Amino acid sequence: MLRMKTIYRKEKIKMFLQDYYFGYGKWITLLRLIGGPGLILIGLDLYRKGFDKFSVAYSGFCLLYGIYMIFKPYLWVLFRLDNYRTENVAIQINEDSLLLTDDKNESKIGFETFKKIFDRKSYYSFVISKSQRLRIPKRLIDNNGQGIIENRIKTHYNNV
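Attention in this report is confined to the structure presented alongside it. Here the structure is a predicted model, which is why all the values come from computation and not from measurement.

Regarding the pairing of strand 2 (residues 87-93)
Every regular strand shows the same layout, with side chains that alternate between the two sheet faces. Pairing of strand 1 (residues 5-7) with strand 2, which is carried by 3 bridges, proceeds in the antiparallel orientation. Looking at the pairing, Thr6 lines up with Asn88 of strand 2. Bridge count for strand 2 against strand 3 (residues 97-101) is 4 bridges, and the pairing is antiparallel. Directly across from Ala90, in strand 3, lies its bridge partner Thr101. Here strand 2 folds back onto strand 3 in antiparallel fashion, the turn holding 3 residues.

Below, the structure written as structure tokens:
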């Protein structure tokens, strides 16, 4: 019987935000960090210089969209709060797959399913598709499992 460990809502949200800002490459990181504030500055400048109704309307659009861009990841979490609930999970890792078990379900995921695996400071991010990731805190994985994952990263995903 696998020992269940708790993954907390706060931890899930923190992993999501870390991946949102820093998990998709330098260009996307730059856009996500300065895009919203940049649009707000452009909107304010357009409003200040507003020559006609169009530039004033466009400045309003820039302001609103800039604000939206800043709060987008937090809105994403807020509207999908059920995805970030605290839950008990058991994780077993072997050379070929991950076995994830919670109170109701059991999922076996082969490593060949993952397009990439990222080793972050406190968690692993398993990329399933462009918009789907599985994030597992390192504290939930024993040393043997972490060794298997790190070996997988070196042998299958080292083309960074």
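As for the layout of surface pockets
Its volume calculated, the largest pocket comes out at about 1200 Å³. Of all the secondary-structure elements, those providing two or more residues to the lining of the largest pocket are helix 1 (9-22), helix 3 (53-79), strand 2, strand 3, strand 4 (106-110) and strand 7 (132-137). With 6 residues, strand 7 is the largest single contributor of residues to the lining of the largest pocket. Among the residues forming the lining of the largest pocket, the class breakdown is 16 nonpolar, 6 polar and 11 charged.

Considerations on helix 1
With 14 residues, helix 1 should cover 20 Å at 1.5 Å per step; its first-to-last C-alpha distance of 20 Å lies within 8% of that length. Looking only at helix 1, the buried set comprises Glu11, Lys12, Met15, Phe16, Leu17, Asp19, Tyr20 and Tyr21. In this fold, the buried residues of helix 1 make contact with strand 1, helix 2 (26-49), helix 3, strand 2, strand 6 (123-129) and strand 7.

What to know about the pattern of salt bridges
Evaluated as defined, the whole model comprises 9 salt bridges. In this structure, Asp82 and Arg85 form a salt bridge, with 3.6 Å as the shortest nitrogen-oxygen distance. With a relative accessible area of 55%, Asp82 lands in the exposed category. By sharing partners, the salt bridges in this structure join Asp19, Arg120, Arg133 and Arg135 into a single network.

Overview of the nonpolar core
As a rule of thumb, nonpolar side chains are buried together in soluble globular proteins. Counting residues in each nonpolar core, the largest one holds 22 residues, and the members touching the most others are Phe111, Phe114, Phe126 and Ile149. Secondary-structure elements contributing two or more residues to this core are strand 2, strand 3, strand 6, strand 7 and helix 4 (143-156). When sequence neighbours within four positions are dropped, the list of residues in contact with Phe114 reads Leu98, Ile109, Phe126, Val127, Ile128, Leu134 and Tyr157. If you look at the next biggest cluster of nonpolar residues, it comprises 6 residues, including Phe16, Leu17, Tyr21 and Val77.

Here we look at the environment of Ile67
If you trace the backbone, Ile67 turns up in helix 3. A relative accessible area of 41% places Ile67 in the partly exposed class. Measuring from C-alpha to C-alpha, the distance between Ile67 and Tyr157 comes to 36 Å, with 90 residues separating the pair along the chain.

Concerning the sheet that holds strand 7
As summarised here, the arrangement of the 3 strands in space is 5-6-7, forming an open sheet in which the pairing is antiparallel. Looking at the sheet topology across the chains shown, the edges are occupied by strand 5 (116-119) and strand 7. Sheet twist, expressed as the mean angle between neighbouring strand axes with direction ignored, is 20 degrees. Summarising the sheet, strand 6 and strand 7 pair through 6 bridges and their orientation is antiparallel.

Conventions we followed
- Residues numbered from 1 in each chain as written.
- Predicted model: local features only at pLDDT ≥ 70, side-chain atom pairs only at ≥ 80, totals over all residues.
- Heavy atoms only, no water.
- Pairing = 2+ DSSP bridges.
- Helix = DSSP H or I, 4+ residues; strand = E, 2+ residues; numbered from the N terminus.
- 1 Å grid on protein atoms, 1.4 Å probe; cavity = no way out; pocket = protein on both sides within 12 Å on 5 of 7 lines; lining within 4 Å.
- Points joined across faces, edges and corners; volume = space filled by probe spheres on them.
- Nonpolar A, V, L, I, M, F, W, Y, C, P; charged D, E, K, R; others polar.
- Expected span 1.5 Å × (residues − 1).
- Buried < 20%, exposed > 50% of the residue type's maximum accessible area, 1.4 Å probe, protein only.
- Contact = heavy atoms within 4.5 Å.
- Salt bridge = Lys/Arg side-chain N within 4 Å of Asp/Glu carboxyl O.
- Core = buried A, V, L, I, M, F, W, Y, C linked by side-chain atoms within 4.5 Å.
- Axes fitted to C-alpha atoms, helices over the stretch in contact; angles between N-to-C directions.

Taken by themselves, the reported measurements are silent on function.
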